[in-house]
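# Commentary on secondary and tertiary structure
The lines below spell out each chain.
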Amino acid sequence: MLKNQLSHLKPQATPFMEEMILNMGPQHPSTHGVLNFLIITDGEVIHQALPNVGYLHRGIEKLAEQTPYTTFIPFTDRIDYLSAMFANHVYVMAVETLANIEVPERGEYLRVIACELNRIASHLISTGALALDIGASTPFVHWIRERECINDIMEALCGARLTYSYMRVGGVSRDISQNIKDAVLKFLDHFEPIIDEYNRLISFNGIFIKRLANVAIISQVDAVNFGLVGPNLRGSGIEMDIRRAIPYGVYDRFDFKIPIGLGFQGTLGDSYDRYFVRILEMKESCSIVRQALETLPPGDIRTKIKRNLKIRENECYTCVESARGEMGIYLVSDGSDRPYRLKIKTGSFTAMSIVEKISQGLMVADLIALIGSLDVVAPEIDR
Amino acid sequence: MTYKGYDILALRFGKDTIIYCDKTLNPYIEVSSDQIQEVCIYIRYHPELKFSFFFSLSGVDYPEKNRITLVYHLFSMKLKTLCVLKASVNRNHPELESIESVWKTAGWFEREIHDLLGVNFIRHSNMKRLLLPDDWVGYPLRKDYKEPLLYHDMETSRDKPS
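Right, let's walk through the structure included here. These numbers were taken from a predicted model, which means no experiment stands behind them.

## Thoughts on the overall build of chain A
Along chain A, the regular secondary structure elements total 16 helices and eight strands. Scaling as 2.2 N^0.38, a compact globule of 383 residues should have a C-alpha radius of gyration of about 21 Å, and chain A matches this with 21 Å. The C-alpha extent of chain A, read off along each of the three principal axes, is 70 × 50 × 35 Å. Per-residue burial for chain A yields a buried fraction of 63% across its 383 residues. In chain A, 72% of the contacts between residues at least 6 apart in sequence involve partners at least 24 apart. Of the roughly 14000 Å² of accessible surface on chain A, 53% is carried by carbon and sulfur atoms. For chain A, the distance from the average position of its 40 positive side-chain charges to the average position of its 46 negative side-chain charges is 5 Å.

Right, dumping it as structure tokens:
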């Protein structure tokens, strides 16, 4: 059975001499969802690791063709459950661009606040889970505690803790109250010093560094060639951020740095760089949220749109910088009230395609570090 | 894509073979399907273009025109602009040159399109289904797709969702 399965995947994936086939996943806890790797190994060193995806394929792109424009928003939450806000954002941005809808300034600012808080929450899980995967369970619990605060804020802001559906075509669903503003500021005051504490706890821990530094190095050429995006690309030292490269919303009004990998504890582009870029990004996100709260303009949060939104024949590609890098939507309309074609491009999809190349010659335990540092989320790969 | 970028391309390939169209929100360049690989290599490595970032590859099915259109989204840090390339193939014999050799990541996108739309990419290293099982019948993102009622004697739909 297993041999048949392998022959489907690739002809060269047959074990040779002392090699054996190891099935990692789909229930392995460190694969971040249901992912399956067929690993050809001699017991220690990976000769080949073939990712086998598709366990979470729900056909969201096909569902979109049968769903009216405004009704599709809750589906976008399910693309990436750790950072649902970005999928909301990129989808409503695509519809707004096509239908030529202006978003009120306050709505744009609230989007930025919600997105950056979500980015922090997503990076907390990503960095915490990486530590958990390679054997340090304490940091994960600390990060979950911090993430709980963000979840509470999100619950107060949009009524949901994970699948937000906060964005609407033309704005956002609810306004931010003074109480929530205070809660956000209180959280930021509490959280920013915690990052340094966390660095002392795990980031500068000798064993942790040994497990990540100089492991699974992705060169700049490979990173561009395999289409890596977001923190994975920046971890290889390429300063590419959609918020700067193709500014959207009101991101051009905020002052923030783009952290890139510098070979913090070893070689440029190793797992530690990808990890540490995320830590640095959380600080930047905190600063963006502060700036947005300070300069939050008064006014409407949403423009009124027609109940039955119809868009004439056109097409566009919009992208945002999500927690996992560039997330894009290619939307084709044909004059009816639902999309003719919707293509969702996600960061995890391209990150997954590099695993086969980088994993060659790694230890089996280092594959876990690689997947953890790439921050792959399974439903985002399969959609 | 800017006019300047298009002019460089038109100089090399001729204005008849690659057609600039700005009726849509993102202007696109229509390329004939047998030239797509050449155009991609040129656009990626030309020192004044440098569209080195491959954003996405999508396929759109147009049954009434009997063709499938493949849409390439590329990005250049140098020009800070998006480039949209379009290539159409016949819906009955959808075949196209693979651009896996230009961007490695395109390989997976092409596999996904092969899986969901049934386009064959020539000289692809591993032209297998990516998301669906290997023995799945049909291409779901085609407009006339009908889901098979049974898969390995399992029903694919329920009368009363519980």
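## Observations regarding the nonpolar core
With 179 residues, the main nonpolar core has Tyr275(A) and Leu85(B) as its most contacted residues. Considering every element that reaches this core, the biggest residue donor is helix α5 (residues 105-133) of chain A, with 12 residues. Residue contacts for Leu85(B): discarding those within four places in its chain leaves Ile29(B), Val31(B), Ile36(B), Val39(B), Cys40(B), Leu70(B), Val71(B), Tyr72(B) and Leu74(B).

## Points about the side chain of Arg91(B)
Residue and element names in this part refer to chain B. Of note, Arg-91 is situated in the loop between β5 (81-90) and β6 (95-97). Within the local environment of Arg-91, its side chain forms a polar contact with the side chain of Asp-144, the two groups lying 3.0 Å apart. The contacts of Arg-91, once residues within four sequence positions are left out, are Asp-61, Tyr-62, Pro-63, Asn-66, Arg-67, Ile-68, Arg-142, Lys-143 and Asp-144.

## So, the layout of surface pockets
The computed volume of the second largest pocket comes to approximately 510 Å³. Forming the walls of the second largest pocket are 25 residues, and the residues nearest its centre are Met93(A), Thr97(A), Tyr248(A), Gly249(A) and Thr318(A). Those elements that provide at least two residues to the lining of the second largest pocket are α4 (84-99), α5 and β6 (314-322) of chain A together with β5 of chain B. Per-class residue counts for the lining of the second largest pocket are 13 nonpolar, seven polar and five charged.

## A look at the packing of aromatic side chains
In this description, a pair of aromatic rings is defined by centroid distance and the angle of the planes. All names here are of chain A. The final tally for this structure, using the stated rule, is 23 aromatic pairs over all chains. With centroids separated by 5.9 Å and ring planes inclined at 45 degrees, the aromatic side chains of Trp-143 and Phe-191 adopt a geometry described as tilted. On the criterion of sequence distance, the pair formed by Trp-143 in helix α6 (residues 138-158) and Phe-191 in helix α7 (residues 178-203) is long-range, its members being 48 residues apart. The pair Trp-143 / Phe-191 is uniform in exposure class, with both members buried.

## Topic: the pairing of strand β2 (residues 36-41) of chain A
Where a strand is regular, its side chains alternate between the two sheet faces. All names here are of chain A. In terms of burial, β2 is a largely internal element, six of the six residues being buried. Neither face of β2 is left uncovered, since the one carrying Asn-36, Leu-38 and Ile-40 and the one carrying Phe-37, Ile-39 and Thr-41 both have all their residues buried. One ladder, built from five bridges, connects strand β1 (residues 20-24) with β2; its direction is antiparallel. The partner of Met-20 across the bridge, within β2, is Thr-41. Strand direction decides the pairing type here: β2 and strand β3 (residues 46-52), joined by six bridges, are antiparallel. If you follow Ile-39 over to β3, its bridge partner there is Ala-49. If you look at the hairpin formed by β2 and β3, you'll find four residues sitting between the two strands, and Gly-43 has a positive phi there, around 120 degrees.

## Focus: the sheet that holds strand β8 (residues 341-345) of chain A
All names here are of chain A. Overall, antiparallel pairing links the three strands, which are arranged β6-β7-β8 in an open sheet. Two strands lie at the open edges of the sheet, namely β6 and β8, each paired on one side alone. Put simply, the sheet's adjacent strands are angled 10 degrees from each other on average, direction ignored. Set on the sheet, α4 makes contact with β6, β7 (325-333) and β8; between it and β6 the angle comes to about 150 degrees.

## Topic: the sheet that holds β1(A)
All names here are of chain A. Taken in spatial order, the three strands line up as β1-β2-β3 in an open sheet, and their pairing is antiparallel. The sheet is open, and its two edges are formed by β1 and β3, each paired on a single side. On average, each strand axis in the sheet is inclined to that of its neighbour by 20 degrees, with strand direction left out of account. Contacting β1, β2 and β3, helix α15 (residues 364-374) runs over the sheet at an angle of about 35 degrees to β1.

## Things to note about the packing of α5(A) against α6(A)
Residue and element names in this part refer to chain A. α6 packs onto α5 with a crossing angle of 160 degrees between their chain directions and a minimal axis gap of 9 Å. Taken together, the axes of α5 and α6 are roughly antiparallel relative to one another. Along this stretch, α5 crosses α6, giving a crossing that reads as left-handed. Contact residues: Ala-114, Leu-117, Asn-118, Ile-120, Ala-121, Leu-124, Ile-125, Thr-127, Gly-128, Ala-129, Ala-131 and Leu-132 in α5; Pro-139, Phe-140, Trp-143, Ile-144, Glu-146, Arg-147, Ile-150, Ile-153, Met-154 and Leu-157 in α6. Of the residues contributing to the contact of α5 with α6, the split by class is 17 nonpolar, three polar and two charged.

## What to know about helix α2 (residues 36-45) of chain B
Residues Ile36(B), Val39(B), Cys40(B), Ile43(B) and Arg44(B) constitute the buried set of α2(B). The arc that holds every buried residue of α2(B), seen down its axis, measures 125 degrees, which confines them to one face.

## Digging into the pattern of salt bridges
Residues and elements named next belong to chain A. Applying the stated criterion across every chain yields a total of 34 salt bridges over all chains. Note that Asp-77 is salt-bridged to Arg-78, the shortest N-O span being 3.8 Å. Judged by its relative accessible area of 41%, Arg-78 is partly exposed. Beyond isolated ion pairs, a larger network of salt bridges with shared partners links Glu-116, Arg-119, Arg-234, Asp-241, Arg-243, Glu-281 and Glu-321.

## Describing a positive patch on the surface
A cluster of basic residues, Arg168(A), Arg174(A), Arg302(A) and Lys304(A), forms a positive patch at the surface. Within the element layout of this structure, Arg302(A) appears in the loop between α12 (271-294) and β6.

## Quick look at unusual backbone geometry
Residue and element names in this part refer to chain B. Positive phi values are uncommon outside glycine, yet Lys-50 reaches one of about 50 degrees. Relative to the helices and strands, Lys-50 is located in the loop between α2 and β3 (53-62). You can call Lys-50 partly exposed: its relative accessible area is 42%. A positive phi angle, near 65 degrees, is found at Asp-153, a position not held by glycine.

## Observations concerning the interface of chain B and chain A
Contacts between chain B and chain A engage 45 residues on the former and 43 residues on the latter. Contact between chain B and chain A buries roughly 3700 Å² in total, counting both sides, with carbon and sulfur atoms accounting for 62%. Area buried by chain B at its contact with chain A is led by Phe55(B), Trp108(B) and Leu131(B), which between them contribute 19% of it. For the pair chain B and chain A, the interface holds four salt bridges. Note that Lys343(A) and Glu112(B) form a salt bridge whose closest N and O atoms lie 3.2 Å from each other. On the surface where chain B and chain A come into contact, there are 15 residue pairs in polar contact (both at pLDDT 80 or more).

Rules and cut-offs
Residues numbered from 1 in each chain as written. Chains lettered and ligands numbered in written order. Predicted model: local features only at pLDDT ≥ 70, side-chain atom pairs only at ≥ 80, totals over all residues. Heavy atoms only, no water. Helix = DSSP H or I, 4+ residues; strand = E, 2+ residues; numbered from the N terminus. Rg over C-alpha atoms; globule rule 2.2 N^0.38 Å. Buried < 20%, exposed > 50% of the residue type's maximum accessible area, 1.4 Å probe, protein only. Contact = heavy atoms within 4.5 Å. Areas by Shrake-Rupley, 256 points an atom, 1.4 Å probe, with all protein chains shown as cover. Lys, Arg positive; Asp, Glu negative; His and termini not counted. Charge placed at Lys NZ, Arg CZ, Asp CG, Glu CD. Core = buried A, V, L, I, M, F, W, Y, C linked by side-chain atoms within 4.5 Å. Polar contact = N/O pair within 3.5 Å; in protein donor to acceptor, adjacent residues only side chain to side chain. 1 Å grid on protein atoms, 1.4 Å probe; cavity = no way out; pocket = protein on both sides within 12 Å on 5 of 7 lines; lining within 4 Å. Points joined across faces, edges and corners; volume = space filled by probe spheres on them. Nonpolar A, V, L, I, M, F, W, Y, C, P; charged D, E, K, R; others polar. Phe/Tyr/Trp six-rings, centres within 6.5 Å; stacked < 30°, edge-to-face > 60°. Pairing = 2+ DSSP bridges. Axes fitted to C-alpha atoms, helices over the stretch in contact; angles between N-to-C directions. Parallel < 35°, antiparallel > 145°, perpendicular 65-115°, else oblique. Left-handed = near helix turned anticlockwise from the far one by under 90°. Arc of directions from axis to C-beta. Salt bridge = Lys/Arg side-chain N within 4 Å of Asp/Glu carboxyl O. Patch = residues over 30% accessible without salt bridge, like charges linked within 9 Å, V, L, I, M, F, W, Y side chains within 5 Å. Buried area = accessible area lost by both parts, 1.4 Å probe.

Shape descriptors only; they carry no functional weight alone.
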